[in-house]
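Observations on chain architecture
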2 protein chains.
Amino acid sequence: MRALVYDRLGEEDDAATGLVVRDIDIPEPGPGEIRLLVSAYGLNQADILLMTGRHYTRSDFPMRIGYEASGVVDAVGAGVTRFAIGDRVTTIPNTEGPYSCANEYALAREEFATPWPEGWSQAEAAGYWMQYLTAYFPMKELFPVAEGDWVVITAASGGSGLGAIQMAKALGARVIATTRTSEKRQFLIDQGADATIATTEEDTTKAIMSITGGEGARLIADGIGGAFVADYIDALADKGIAYIYGALSGANDITFPVLPLVRRRAALYGYSLINETRDPAALARGVAFVTDLIADGVLHKPVIDRTYPLSEAPAAYDRMKSGVQRGKIIVTL
Amino acid sequence: MRALVYDRLGEEDDAATGLVVRDIDIPEPGPGEIRLLVSAYGLNQADILLMTGRHYTRSDFPMRIGYEASGVVDAVGAGVTRFAIGDRVTTIPNTEGPYSCANEYALAREEFATPWPEGWSQAEAAGYWMQYLTAYFPMKELFPVAEGDWVVITAASGGSGLGAIQMAKALGARVIATTRTSEKRQFLIDQGADATIATTEEDTTKAIMSITGGEGARLIADGIGGAFVADYIDALADKGIAYIYGALSGANDITFPVLPLVRRRAALYGYSLINETRDPAALARGVAFVTDLIADGVLHKPVIDRTYPLSEAPAAYDRMKSGVQRGKIIVTL
């Protein structure tokens, strides 16, 4: 089968440089695993961190890639009870094993697979678990968002950002979405944001304090990190929390003044979905919550920015790296 | 009365440069306030942050100083019920008002005063509230320490550090105390530390991981901040917390790699005693807890490093800035 593979790390400014499409053996599902014929897989910023050696999980070369997919079950391992051959499924990110999705056939543990939502396209079904579950754990379980809380979502125009907007709104929060320039303001409002900040055009801290009437943000979901932390750390509410879940800034170190953190009794938290879904009970809670909200029409189909064929995956990553996308970038198999 | 006053900010390398002893009027206690004839006051690192304009609270020039004192009540304001003239008392840090202690007479709100512990010297009674309450809130209320938890205490040889060691041990923790060189290792072991790290002589992260058997620290109480955060951030346990409560590094910004924070689901928290004791109920809980543990012989008299007369207060601050002290530095009135 064709699979996306890389034998060396990519450069910081050309992460996809090492990616090649190679023929490899079709894997056989082990106990508790299903195999799916992959329809499409969703790109994530974590892919770029992996490709450039900056993700906190690592595996050996040759490495494979792809966290979430849509597809049809074509084989099941011993003991599988939830799915049968022919079922249409979507998969949930799981780094702990041979579960890459950027290949014609993919394996998944059955608890990391769910029924394909009715009426969703191949691309839509391949691009919602990362964004909704990534927002679910901090906003619902770790630092529960209450009705009316101000939540800031940085880099809001990508898949993770848009998923976070929907989750925050579903929990009753008021959302401030940040974007680099004014170009995407209306898009973000259309996607549910109550207010927007163009971070290269205005002072982020002043804007947050102004929008919140001086109260500050209860929660900041930041996928940027690096020096950008200093731009918002003084805009947290008393006992506010900023969680870092990405490194779009490209910097490994984060730097910010400590006094605002002390003055506001605030905390900076390091968050990764993968650390939560390792716990089967937590995984089940998150999946049930998101599934119910989708069924109720509260969470919607992901916004798809563009789809690419597997042979053009490097171009898909270049687009993600550019930051011009509006929503999820998908590669079809 | 004589009072320590400064009309301009001190230099970073000579914080006490602006301090002078000046005659000012003796204050009258207002409603709910007592006045004490001050016996001694305790120095704190926060004094240096105030003197150099780096504390998160500020008042106008001329500024006064001194957070905690021992003394005898010589006047009471309207409505005071807890104390009478002649009572020997100790005071609790309170920045919200004219409550500086580096003067012959000091005011205190009665809820920020407590009976002078039996048998404690003037110096000892002037130097225990900051260190015990500062450790109480994070270790008991905010991030409760459980039996056997590994707690790291940085810059452990000063008053705050030694108070934190005692509080952590009182709560059943195992304590790793850091100090710059090996010189104070034995002193810290004598003060209750289970293990020590000389941060200029060994790799702090490796040492913590080795001492904790690879588990990492559940809680890190850091009074240093700045670039030192990077020296320990990768030694937190899963869901561990580092709280910054000082800036001995002299740096306003803290800088550290974000991946360890994400990998360990860890948090960095900004902590200040003053933010907690604003809540009267929280203040009462902390005072009762510390008072009971002192009465039970679990918390001990503070270790007094050296005492100075008021006229030599600048020398006292120079000594604190040097980092050579072992315990609390006290100025007698």
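Note that the structure is a prediction, hence the values are computed from the model and not measured.

Cut-off values and rules
Residues numbered from 1 in each chain as written. Chains lettered and ligands numbered in written order. Predicted model: local features only at pLDDT ≥ 70, side-chain atom pairs only at ≥ 80, totals over all residues. Heavy atoms only, no water. Helix = DSSP H or I, 4+ residues; strand = E, 2+ residues; numbered from the N terminus. Expected span 1.5 Å × (residues − 1). Buried < 20%, exposed > 50% of the residue type's maximum accessible area, 1.4 Å probe, protein only. Arc of directions from axis to C-beta. Contact = heavy atoms within 4.5 Å. Buried area = accessible area lost by both parts, 1.4 Å probe. Salt bridge = Lys/Arg side-chain N within 4 Å of Asp/Glu carboxyl O. Polar contact = N/O pair within 3.5 Å; in protein donor to acceptor, adjacent residues only side chain to side chain. Nonpolar A, V, L, I, M, F, W, Y, C, P; charged D, E, K, R; others polar. Domains from an automatic or database assignment. Phe/Tyr/Trp six-rings, centres within 6.5 Å; stacked < 30°, edge-to-face > 60°. Lys NZ or Arg CZ within 6 Å of the ring centre and 35° of its normal. Core = buried A, V, L, I, M, F, W, Y, C linked by side-chain atoms within 4.5 Å. Pairing = 2+ DSSP bridges. Axes fitted to C-alpha atoms, helices over the stretch in contact; angles between N-to-C directions. Parallel < 35°, antiparallel > 145°, perpendicular 65-115°, else oblique. 1 Å grid on protein atoms, 1.4 Å probe; cavity = no way out; pocket = protein on both sides within 12 Å on 5 of 7 lines; lining within 4 Å. Points joined across faces, edges and corners; volume = space filled by probe spheres on them. Least-squares fit on C-alpha atoms with pLDDT ≥ 70 in both.

1. Overview of helix 10 (residues 280-295) of chain A
Each α-helix winds once per 3.6 residues, and so residues spaced three or four apart point in a common direction. Residues and elements named next belong to chain A. Relative to the 22 Å expected for 16 residues at 1.5 Å per residue, helix 10 spans 22 Å between its end C-alpha atoms, a close match to the ideal helical length. All of the buried residues in helix 10 are Ala 282, Leu 283, Gly 286, Val 287, Phe 289, Val 290, Leu 293 and Ile 294. On an axial view of helix 10, the arc spanned by its buried residues comes to 165°, and they lie on one face. Seen from the buried face of helix 10, the exposed residues on the opposite side, beyond 90 degrees, are Pro 280 and Ala 295.

2. Regarding the interface of chain A and chain B
Taken together, the contact pairs 25 residues of chain A with 25 residues of chain B. Of the roughly 2,500 Å² buried at the junction of chain A and chain B (both faces included), carbon and sulfur atoms supply 60%. Linking chain A with chain B are two salt bridges. Here Glu 276 of chain A and Arg 265 of chain B are joined by a salt bridge, their closest N and O atoms 3.2 Å apart. Counting across the chain A and chain B interface gives 16 residue pairs in polar contact (both at pLDDT 80 or more). Where the side of chain A that touches chain B is concerned, the elements lending two or more residues are strand 14 (253-257), helix 8 (258-263), strand 15 (267-270) and helix 9 (273-277) of chain A. Considering only residue class, the side of chain A that touches chain B consists of 14 nonpolar, six polar and five charged.

3. Things to note about the pattern of salt bridges
Residue and element names in this part refer to chain B. Applying the stated criterion across every chain yields a total of 30 salt bridges over all chains. A salt bridge links Asp 305 to Arg 319; the nearest nitrogen and oxygen atoms lie 2.5 Å apart. Separated by 14 residues along the polypeptide, Asp 305 in strand 16 (residues 304-309) and Arg 319 in helix 11 (residues 313-322) bring together distant segments of the chain. The exposure classification of Asp 305 matches that of Arg 319, with both residues buried.

4. Notes on the domain arrangement of chain A
Residue and element names in this part refer to chain A. When its domains are assigned, chain A resolves into domain 1 (2-128 + 301-332) and domain 2 (130-274). Between domain 1 and domain 2, the C-alpha centre-to-centre distance is 27 Å. Between domain 1 and domain 2, the contact holds 23 residues from the first and 22 residues from the second. Of the roughly 1,800 Å² buried at the junction of domain 1 and domain 2 (both faces included), carbon and sulfur atoms supply 56%. For the domain 1 face of the interface with domain 2, the top three residues by lost area are Arg 54, Tyr 128 and Arg 326, together amounting to 31%. Where domain 1 touches domain 2, the interface holds zero salt bridges.

5. Regarding the packing of aromatic side chains
Ring pairs (aromatic) are described by centroid distance and by the angle formed between their planes. Scanning the model with the defined rule gives 19 aromatic pairs over all chains in all. Their ring planes at 70° and their centres at 5.6 Å tell us that Phe 228 of chain A and Tyr 232 of chain A sit as a pair that is edge-to-face. When the ring of Phe 143 of chain B is compared with that of Tyr 269 of chain B, the centres are 4.9 Å apart and the planes differ by 80°; the resulting orientation is edge-to-face. Of this pair, Phe 143 of chain B sits in the loop between helix 3 (129-142) and strand 9 (150-153) while Tyr 269 of chain B is found in strand 15 (residues 267-270), placing the two residues 126 residues apart along the sequence. Taken as a pair, Phe 143 of chain B and Tyr 269 of chain B share a single burial class, namely buried. One cation-aromatic arrangement involves Arg 88 of chain A over Trp 116 of chain A; the distance from NZ or CZ to the ring centre is 4.1 Å.

6. Digging into the nonpolar core
Nonpolar side chains in soluble globular proteins tend to end up buried together. Among the nonpolar cores identified, the biggest contains 164 residues, and Tyr 41, Met 139 and Tyr 317 of chain A together with Tyr 41, Met 139 and Tyr 317 of chain B are the most heavily contacted of them. In this structure, Tyr 317 of chain A is in contact with Leu 4, Ala 16, Leu 19, Tyr 41, Leu 43, Asp 47, Ile 48, Met 51 and Ile 65 of chain A, ignoring residues within four places of it in sequence. Formed by 56 residues, the second largest nonpolar core is a distinct cluster that contains Ile 208, Phe 256 and Ala 266 of chain A together with Leu 236 of chain B.

7. Digging into the sheet that holds strand 1 (residues 2-6) of chain A
Spatially, three strands are ordered 2-1-4 (chain A) in an open sheet, and the strand pairing comes out antiparallel. Looking along the sheet, the strands with just one partner apiece sit at the ends: strand 2 (19-23) and strand 4 (63-64) of chain A.

8. Some points on the packing of helix 3 (residues 129-142) of chain A against helix 10 of chain A
Residues and elements named next belong to chain A. In the contact formed by helix 3 and helix 10, the axes pass within 10 Å of each other and the chain directions differ by 110°. Taken together, helix 3 and helix 10 sit at an angle that is classed as roughly perpendicular. Two secondary-structure elements touch here, helix 3 through Trp 129, Tyr 132, Leu 133, Tyr 136, Phe 137, Lys 140 and Glu 141 and helix 10 through Ala 282, Leu 283, Arg 285, Gly 286, Val 287, Phe 289, Val 290 and Thr 291. By residue class, the composition of the contact of helix 3 with helix 10 is 10 nonpolar, two polar and three charged.

9. Comments concerning empty space enclosed by the protein
Residue and element names in this part refer to chain A. Counted according to the given criterion, the structure contains three cavities of 30 Å³ or more. Taken as a whole, the largest cavity spans an internal volume of roughly 50 Å³. Along its surface, the largest cavity is lined by Tyr 67, Thr 91, Ile 92, Asn 94, Tyr 99, Cys 101, Leu 107, Ala 108, Arg 109 and Phe 112. For the lining of the largest cavity, the element with the highest residue contribution is strand 7 (residues 105-109), accounting for three residues.

10. Regarding the relation of the copies chain A and chain B
Between the two copies, chain A and chain B, the superposition gives an RMSD of 0.0 Å; the rotation angle is 180° and the shift along the axis is 0.0 Å. Between the two chains, the operation in question is that of a two-fold axis. For chain A, the residue whose C-alpha comes nearest the rotation axis is Thr 255 of chain A, separated from it by 2.2 Å. Of all interface residues in chain A, 100% are interface residues in chain B too; the two copies therefore contact each other through one and the same surface.

11. Digging into the pairing of strand 13 (residues 236-244) of chain A
Regular strands show a simple pattern: their side chains alternate between the two faces of the sheet. All names here are of chain A. Strand 13 sits mainly inside the fold: seven of its nine residues count as buried. Here strand 12 (residues 217-222) pairs with strand 13 via five bridges, running parallel. By the bridge assignment for strand 13, Ala 217 is matched with Leu 236. For strand 13 and strand 15, the ladder comprises four bridges, and the chain directions are parallel. Residue pairing for strand 15: Ile 241 is matched across the bridge by Ala 267.

12. Side note on the environment of Ala 313 of chain B
Residue and element names in this part refer to chain B. Structurally, Ala 313 is set in helix 11. Placed 90 residues apart in sequence, Ala 313 and Gly 223 show a C-alpha to C-alpha distance of 22 Å. With sequence-adjacent residues up to four places away left out, Ala 313 is seen in contact with Leu 4, Tyr 41 and Val 331.

13. Some thoughts on helix 4 (residues 159-170) of chain B
Residues and elements named next belong to chain B. Spanning 12 residues, helix 4 covers 16 Å between terminal C-alpha atoms, matching the ideal 16 Å at 1.5 Å per step. With nine of its 12 residues buried, helix 4 lies for the most part within the structure. Along helix 4, the residues that are buried comprise Gly 159, Gly 161, Leu 162, Gly 163, Ala 164, Ile 165, Gln 166, Met 167 and Ala 168. On the buried face of helix 4, the contacting elements are helix 3, strand 9, strand 10 (174-179), helix 5 (185-190), helix 10 (280-295) and strand 17 (328-332). Just downstream of helix 4, Gly 172 is the residue with a positive phi angle, here 90°.

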